[in-house]
Amino acid sequence: MNIKKIISIFQSFYINVSVEKIALTLPISFEKRYQYAKMKFHKESFLLIKEKRRGSLNSFVTQARNMGEKASMDVILVFSKLSDIEKKQLLQARVPFVDFKGNLFFPPLGLALNANDDVEVFK
């Protein structure tokens, strides 16, 4: 997984995140099929999951949700590239994702912006 690329995509939207490798106890089939890392944003942790080899989008979403439950974290799917149809399907299902082309759907961002954070006003 290209951690630097993921951080730079979030930073391009002025979102500061940290990403680190994580060790999870998962079935061997998951270890062979997916790459994963832990992303921190506003004191919350998210599980970034990327398929090593593309398969069915529905299967990926289902397996990623299972992995997220085992890790007790919300999941963000990571893609090298997505078709417009796949982006639409993910948006309709409200599945958070990021791709290496700079597309990003991250629903918790709205929650963070509405939180009681100190915001500087520029004149």
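Up top is the structure.
Definitions and cut-offs
- Along every chain, residues carry numbers that run from 1 in the direction the sequence is written.
- Note on the predicted model: pLDDT of at least 70 is required for a residue's local features to be given, and 80 or more for side-chain atom pairs to be given and counted; whole-chain, interface and lining totals, by contrast, use all residues.
- By convention in this description, side-chain values take in all heavy atoms of the structure and omit both hydrogens and water.
- Helical segments are the DSSP runs of H or I of at least four residues, strand segments are the runs of E of at least two, and each set is numbered from the N terminus.
- Here the term buried applies to any residue with accessible area under 20% of the maximum for its type, exposed to any over 50%, and partly exposed to those in between, with areas from a 1.4 Å probe on protein chains only.
- Any pair of residues with heavy atoms lying within 4.5 Å of one another is described as a contacting pair.
- Under the convention used here, a 1.4 Å probe and the Shrake-Rupley method define accessible areas, while residue burial counts only the protein chains that appear.
- Should a side-chain nitrogen of Lys or Arg be within 4 Å of a carboxyl oxygen of Asp or Glu, the pair is scored as a salt bridge.
- Neither His nor the chain ends is counted toward charge; the positive residues are Lys and Arg and the negative residues Asp and Glu.
- Here the arc refers to the directions that run from the helix axis out to each C-beta atom.
- The nonpolar core is taken to be a set of buried Ala, Val, Leu, Ile, Met, Phe, Trp, Tyr and Cys residues, with the residues joined through side-chain atoms within 4.5 Å.

Asker: Help me understand the overall build of the protein, please; the structure alone is not making it clear to me.
Answerer: Helix and strand counts for the protein come out as five helices and six strands. Going residue by residue from the N terminus, the α and β elements of the protein occur as α-β-α-β-β-α-β-α-β-β-α. Out of the 123 residues belonging to the protein, those deemed buried represent 40%. By sequence separation, contacts in the protein at least 24 residues apart represent 45% of the contacts at least 6 residues apart. Entry remark: accessible area of the protein is about 8100 Å², with carbon and sulfur atoms responsible for 50%.

Asker: Sorry if this is basic, but what is going on with the pattern of salt bridges here?
Answerer: Close approach of charged atoms allows side chains of opposite charge to pair. Throughout the structure, instances matching the rule amount to five salt bridges. Between R33 and E51 there is a salt bridge whose closest N-O contact spans 3.2 Å. Separated by 18 residues along the polypeptide, R33 in helix 2 (residues 28–33) and E51 in strand 3 (residues 44–51) bring together distant segments of the chain. Overall, E51 belongs to the buried group, its relative accessible area being 4%.

Asker: Any chance you could explain the side chain of D99 here in plain terms?
Answerer: On the secondary structure map, D99 appears in strand 5 (residues 97–99). No salt bridge is formed by the buried D99, whose closest oppositely charged neighbour, K87, lies at an N-O distance of 5.0 Å. The residues touching D99, leaving out its near neighbours within four places in the chain, are I9, F79, S80, K81 and L82.

Asker: It is not clear to me how helix 1 (residues 3–12) should be interpreted in this structure. Could you clarify?
Answerer: Owing to its 3.6 residues per turn, the α-helix brings residues three or four apart onto one side. All of the buried residues along helix 1 are I3, I6, I9 and F10. The buried residues of helix 1 occupy one face: seen down the axis, they fall within an arc of 125°. Every exposed residue of helix 1 that faces more than 90 degrees away from the buried side is listed here: K4 and S12. Y14 sits one or two residues past helix 1 and shows a positive phi near 60°.

Asker: I'm lost on the nonpolar core in this one. Help?
Answerer: For soluble globular proteins, the rule of thumb is that nonpolar side chains tend to be buried together. One finds L47, I49, M67, L77, F79 and L90 to be the most contacted residues of the largest nonpolar core, which totals 22 residues. Counting only elements with at least two residues in this core, the list comes to strand 2 (34–41), strand 3, helix 3 (57–71) and strand 4 (74–79). Leaving out residues up to four positions away in the same chain, I49 has contacts with M1, Y34, Q35, Y36, F60, A64, M67, V75, I76, L77 and V78.

From the geometry alone we can't say anything about function, so treat these as descriptive.
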